[in-house]
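Chain residues, written in single-letter form:
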Amino acid sequence: MSASETPAGPATFEFTADNLALAQRIIAKYPEGRQASAVMPLLDLAQRQHDNWLPRAAMDYVAGMLGMAPIRVYEVASFYTMYNLKPVGKHFVQVCTTTPCWLRGSDEVLAACKRKLGIGPGETTADGQFTVVEVECAGACVNAPVISLNDVYYEDLDGPSTEALLDTLIRGETPKPGPQNGRINSAPIGGPTTLTEMAQRNGVKPASQE
Amino acid sequence: MPKLTIDGIELEVAPGTSVLQACEQLGIEVPRFCYHEKLSVPANCRMCLVEMEKAPKPIASCAMPCGEGMVIKTDTDTVHKARKGVMEFLLINHPLDCPICDQGGECDLQDQAVGYGFDRGRYGEEKRAVKDKNLGPLIKTIMTRCIHCTRCIRFSDEIAGVSVMGATGRGEHMEIGTYVEAAVSSELSGNLVDVCPVGALTSKPYAFTARPWELRKTESVDVLDAVGSNIRIDTRGGEVLRILPRLNEAVNEEWISDKTRYAHDGLKRQRLDRPYIRENGKLRAASWEEALALTAAKLKGAAPEKIAAIAGDLADAESLLALKDLLGGMGVASLESRQDGSAIDAASRAGYIFNSTIAGIEQADQILLIGTNPRWEGALVNARIRKRYLQGGLTVTVLGPRVDLTFPIEHLGNDATLLNAIADGSHPYAETLKAAKKPLLILGSGALARPDGAAVWAAARAVAEACGLVREDWNGFNVLHRAASRVGALDLGFLPAKGGRDLAGILDGARKGEVEVVYLLGADEIDAQNFGRAFVIYQGHHGDRGAHRADVILPGAAYTEKNATYVNTEGRAQHTRQATFPVGEAREDWKIIRALSGALGKPLPYDTLQQLRKRLADANPVFAQVDRVTPAAWGAFGTAGAVAAAPFTLPVENFYMTDAISRASATMAECTEAFVSPAVAERTGTHG
Ligand code: SF4
Ligand code: FES
Ligand code: FES
């Protein structure tokens, strides 16, 4: 990996006043002389401030702030896949394709993305609205398959619900996060099968008893 | 002191010794890639696996400290199988392009594959390929060959002190490089080529030049600065093809500077390969007889007061002594070896050497740098200070221009009068020095070349005496010279004798016509236009500044072409060894002077190098103590007086070009272009 494979980005980068204050709070968490430990949260902060990607100027800025050699920051930023070293779409569609999601149909989810947006993993739409990437386990396997859209999870997807999700985004609306098949959080599909009275008291319909 | 058993042999080792080091003590060879004696231990290549009793699996011996009662086996089936496995994995992505690889014949991977490699590959998938990186004019990269040992990263971090190399990406996509594709800007960068165990980092100027088994190897000493780095000169057919470091823990450890390593292409350019005589303003080729006869006639024709000699920075002790014997015998008093105009003299040996020794830096806890940039004036001295800094508990304080060194500094300012203030205790830094256990000061050669150099010298002595730098068991007063010839010349007293002129006097005399003949023994750092109408004899090996002004040229030998003695800044006499013959009709320098003495009818009393070396040892016993430093007795030196308030200036503007050889080197010109010019442009705002 080298800088020549990524866009140059802006010449300079600086935290906004709010982010600077936050960065200082983060740095203060680490003992004196161990400030470099703050590199990961600071890179995350910089990425959030900068349209979800890290230009070289931002990495150099963080290096300067923490007194690290810039190469040490490039190493961290290029090691972790959640730092984007290239611009990504406004909607960053991270499709989990690790085994549980794959067994539950993540191929369908990716295919739906391709159908709807015309792009495959690692690509960005021409209008810069969408980037699709494959990610490893998003940690929500119980609701597999899963998309994490920027910071928000959309779960229990299949082809049509993925397309519906993307349609909502294309219309400029915000889809409802969480399971897309009517399930409540990670409760059983069709409603709870245990603690049914409590569920009823809370206004939730339990699964029909056979 | 843990006791352990290795392959049935019991031994006791110092605490902290690793199993690999213990094996080495027994002469048991353990293959390794990532482990390097002078670098930290990452234990990431796994080639050094050995078996340890009671451990469930083989252990990495480089990272395992010896423990009491350990039982280690290095020669079992398990060990061999494990190492073979590691080797097979390393070779999976290796291009196996040894026939076109410059490392071939001296490659750790090649050698160890002979012992642990499989005779065919079992890997049928696609191999990975890595884009080559641009690391500047000295280092060529073929990154697909890289085995990710991270030695280069650790070298630049730890020894060179420039954190530019790193590993970006992860897993199969991990790559070694600088990420930003910048040249490695360090005066020690060439050592990366040596630390890389494979052919990923190789020498760019040496690319596709020779195979190691074709080379003749000569152990010698570098003269392009005053450190006296130990080197190996590799030649083929009378041509110096490369220069490598030679281990000497006392001097350069196992590193050399980029100038030492790469300036040798300057040995092939602008050489004086035959005598010349100036006629009607133009130099014409001449024979030795003619040139010597003319030189002798000119020397005979002038009164001794009208003759002067100036020795240059690359002059060896043998020729210095021969010239001194010859001209001194004729009554010439104006001998000068300080062509930078330095005020230093031979009053007390302790006043002009690096008393603490270079290795002694490792004991210091407080270092005061006076008017010097050790990175450029003695790169290996600087590396030693960094080594000491990494051990912790060292403060480096700078009095002089603020320079970018490879360790943090405290800056006292750049006011030379502070020296007096520290000496008389009115500056608080005096207390810091006094409180230090092993304080040390390094006085730059540039600080002594000021008009008030003698006063600076005396003030530095006063600091040393007042602040406890000179004690029974410790002498922290150090002068860092730049000229390889300087200490030897001072040891021989190649200085104005009574009634003789010093540098300024010689130049002044030449301008006024009071000095009629000037003998330049490789003196190239003086603006030659200063010699007025004097008859200039130039003896040396390059058509540099001195030769341009010469009226007669006596072609001499460069340091790779002669057996000669040089005394480094510590006062350590060392011998260069002849690796190739002088070019054309050029001759070893002392022999030229010997021949001239014959032409003058006053033959010098030595005909062989042995006789001359005997005379050297008689002149000063330090020349008999080869490769050793004899502690010098403290004495008075310098001239007490007011130090001017003028700031110190640094004598080296361009590390890569400091002498006739490096100025002729194309590689050094490229380095200047890559590293020095951009910096100068930035400073002066003439960029772009
Ligand atoms: S380039 Fe050479 S020294 Fe650096 S990691 Fe690769 S093999 Fe090791
Ligand atoms: S596998 Fe997709 S969330 Fe765990
Ligand atoms: S030498 Fe021990 S792991 Fe590399």
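Residues numbered from 1 in each chain as written. Chains lettered and ligands numbered in written order. Predicted model: local features only at pLDDT ≥ 70, side-chain atom pairs only at ≥ 80, totals over all residues. Heavy atoms only, no water.

The name that an unreviewed UniProt entry assigns to chain B is NADH-quinone oxidoreductase, with the source organism given as Nitrospirillum viridazoti CBAmc. One UniProt comment on chain B, placed under Catalytic activity (unreviewed entry), says "a quinone + NADH + 5 H(+)(in) = a quinol + NAD(+) + 4 H(+)(out)". Database annotation for chain B, UniProt heading Sequence similarities (unreviewed entry): "Belongs to the complex I 75 kDa subunit family." (UniProt positions renumbered as here; feature names shortened; annotations may be inferred.)

Looking at an unreviewed UniProt entry, chain A carries the name NADH-quinone oxidoreductase subunit E, with the source organism given as Nitrospirillum viridazoti CBAmc. The heading Catalytic activity (unreviewed entry) in the UniProt record of chain A holds the text "a quinone + NADH + 5 H(+)(in) = a quinol + NAD(+) + 4 H(+)(out)". Looking at chain A in UniProt, the text filed under Sequence similarities (unreviewed entry) is "Belongs to the complex I 24 kDa subunit family."

**Q** Sorry, what's going on with the packing of aromatic side chains here?
**A** Ring pairs (aromatic) are described by centroid distance and by the angle formed between their planes. The final tally for this structure, using the stated rule, is 14 aromatic pairs over all chains. Geometrically, the ring pair formed by Phe15(A) and Tyr61(A) is edge-to-face, given 5.2 Å between the ring centres and 85 degrees between the ring planes. Taken together, the residues span a long stretch of sequence, with Phe15(A) in the segment before helix H1 (17-28) and Tyr61(A) in helix H3 (residues 56-66) at a distance of 46 residues. Ring geometry for Tyr80(A) and Tyr83(A): centres 6.4 Å apart, planes at 85 degrees, overall edge-to-face. For Tyr83(A), a relative accessible area of 10% corresponds to the buried category. A connected cluster of aromatic rings, assembled from ring pairs, spans Trp376(B), Phe655(B), Tyr656(B) and Phe675(B). Sitting over the ring of Phe79(A), Arg170(B) keeps its end group 4.3 Å from the ring centre. (Phe/Tyr/Trp six-rings, centres within 6.5 Å; stacked < 30°, edge-to-face > 60°. Helix = DSSP H or I, 4+ residues; strand = E, 2+ residues; numbered from the N terminus. Buried < 20%, exposed > 50% of the residue type's maximum accessible area, 1.4 Å probe, protein only. Lys NZ or Arg CZ within 6 Å of the ring centre and 35° of its normal.)

**Q** I keep staring at the site of ligand 1 and nothing clicks. Help me out?
**A** Residues and elements named next belong to chain B. Ligand 1 sits among 14 residues. The nearest are Cys-146, Cys-149, Thr-150, Cys-152 and Cys-196. With respect to the pocket detection grid, ligand 1 is positioned in the second largest cavity. Looking at the shell around ligand 1, its residues break down into 11 nonpolar, two polar and one charged. (Near = heavy atom within 4 Å. 1 Å grid on protein atoms, 1.4 Å probe; cavity = no way out; pocket = protein on both sides within 12 Å on 5 of 7 lines; lining within 4 Å. Sits in = over half its atoms within 2 Å of the grid points. Nonpolar A, V, L, I, M, F, W, Y, C, P; charged D, E, K, R; others polar.)

**Q** Before we go on, may I ask you to explain helix H19 (residues 609-619) of chain B in this structure?
**A** Residues three or four positions apart in an α-helix share a direction because the helix packs 3.6 residues into each turn. All names here are of chain B. Of the positions making up H19, those classed as buried are Leu-609, Leu-612 and Leu-616. Projected down its long axis, H19 shows its buried positions confined to an angular sector of 65 degrees, all on one face. Seen from the open side of H19, the exposed residues pointing more than 90 degrees away from its buried face are Gln-610, Lys-614 and Asp-618. In this fold, the buried residues of H19 make contact with helix H8 (317-329), strand E27 (564-567) and helix H18 (589-599). (Arc of directions from axis to C-beta. Contact = heavy atoms within 4.5 Å.)

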